[in-house]
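Here's the letter readout for the chains.
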Amino acid sequence: MKYKEYLYSLDPRPKTTSLNTWIVELNKFLKYINCSECTIKKIKMQTKVSNDDVLSIADYKRLLRFAKRLNMIQLYYIIKVLAMTGIRISELKYFTIENIKSNYIDGFNKGKERKIIIRQDLARELRKYARDNHIKSGYIFRGNKPNSMPVESTIWRQLKKVAGKARVNKKKVHAHSFRHLFAQIFLETYPGNITELADILGHNSLETTRLYTRTSNNQKKSKLEQLSFK
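Worth saying up front: this structure is predicted, and the values here are computed from it rather than measured.

A. Here's a closer look at the overall build of the protein chain. The helix and strand inventory of the protein chain stands at ten helices and two strands. Overall, the protein chain shows an N-to-C arrangement of helices and strands of α-α-α-α-β-β-α-α-α-α-α-α. Residues classed as buried in the protein chain amount to 39% of the 230 residues present. For the protein chain, the share of sequence-separated contacts (at least 6 apart) that also reach a separation of at least 24 residues comes to 55%. When the accessible surface of the protein chain is summed, it comes to about 14,900 Å², and 52% of that surface belongs to carbon and sulfur atoms.

B. Molecular detail of the environment of Gln 120. Relative to the helices and strands, Gln 120 resides in helix 5 (residues 120-132). The exposed category is assigned to Gln 120, whose relative accessible area is 52%. It is 9.2 Å that separates the C-alpha atoms of Gln 120 and Ser 102, two residues lying 18 residues apart in sequence.

C. Geometry of the pattern of salt bridges. In this structure the tally under the stated criterion is seven salt bridges. We note a salt bridge from Lys 172 to Asp 59, for which the minimum N-O separation is 3.1 Å. Highlighted residues: Lys 172 in the loop between helix 6 (152-166) and helix 7 (177-189) and Asp 59 in helix 3 (residues 57-69), separated in sequence by 113 residues. Across the pair Arg 119 and Asp 121 runs a salt bridge, and its minimum N-O distance is 2.7 Å. On the accessibility criterion, Arg 119 (46% relative accessible area) is partly exposed. Given a relative accessible area of 27%, Asp 121 falls into the partly exposed group.

D. Spatial organisation of the nonpolar core. Residues Ile 79, Leu 92, Phe 95, Leu 126, Phe 141 and Phe 178 are the most contacted members of the largest nonpolar core, which totals 45 residues. Breaking this core down by element, the ones donating at least two residues are helix 3, helix 4 (73-85), helix 5, helix 6 and helix 7. A per-element tally of this core places helix 4 first, with nine residues. Core analysis: the second largest hydrophobic core is formed by six residues, Ala 183, Leu 187, Leu 197 and Leu 201 among them.

Rules used throughout
Residues numbered from 1 in each chain as written. Predicted model: local features only at pLDDT ≥ 70, side-chain atom pairs only at ≥ 80, totals over all residues. Heavy atoms only, no water. Helix = DSSP H or I, 4+ residues; strand = E, 2+ residues; numbered from the N terminus. Buried < 20%, exposed > 50% of the residue type's maximum accessible area, 1.4 Å probe, protein only. Contact = heavy atoms within 4.5 Å. Areas by Shrake-Rupley, 256 points an atom, 1.4 Å probe, with all protein chains shown as cover. Salt bridge = Lys/Arg side-chain N within 4 Å of Asp/Glu carboxyl O. Core = buried A, V, L, I, M, F, W, Y, C linked by side-chain atoms within 4.5 Å.

Laid out in C-alpha cells, this is it:
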C-alpha cells in the first residue's frame, strides 16, 4: 500500500496505464513468492468517453479527393464502401459483381451471418466502376494476383499514404475509423436509433455499438459552444 501511495506521489506523475502496469508486475511477483494476500488493486481509471482518433466528415472528403488526385481509383471506391456501409474491411470480399446486382448482400463474419445493405447510389457507382474497368464477374476490388482480393495490409498502407498527402492525421486511419464515422453520421441523422444501428453494424450487444458512437473531445466542445444559457 505504501508503494501505491508512492506511485501517487510521483512528480511529474506518469500515466495511470503505466502505474497500473507496475502494479500488475508487483502482483505477479507477490503471487510467485506465495504472498497473494499482499497483492494490491490497480488504480481505477475513468471509462473512455471520447474518440479523438476517429475520422470526421471533412477528413473523409479529403481522403476521397486525394485518392482521386493520386489516381488511386480502386482505393477511392474502397473508402466509399467502408464509410457508406459501415462494414469491416474483411467484408469487402462480399462485394462481387454478382452480389451488387441486389441492394442486400449476405455476409458471414465472426461466426454469424449478417445482411449488408448497399445504398442505390453506391451500388450504381460500383457497377459503373466495374464496367469502366472491364470487371465482369467475381471481386470488384482486385489484388495483384488473378481472382484475388487486395491484402488488408496493402489497403491500410495505401490509406496511410493518401492520409499523409491529404494532411489527415494518420492515427485516425485505423481498422474501425470508417465504422465510427458511419455510426456517428447515422445517429446524427436518426438520433437515438441505436438498436437499428446495432443491426446494421452486425452487433449482438448494444454496448459494443455504443463504443462506435462516442464523439471526439472537439465534437463535444463544439456542441457545448452551441448551448444557450441566456
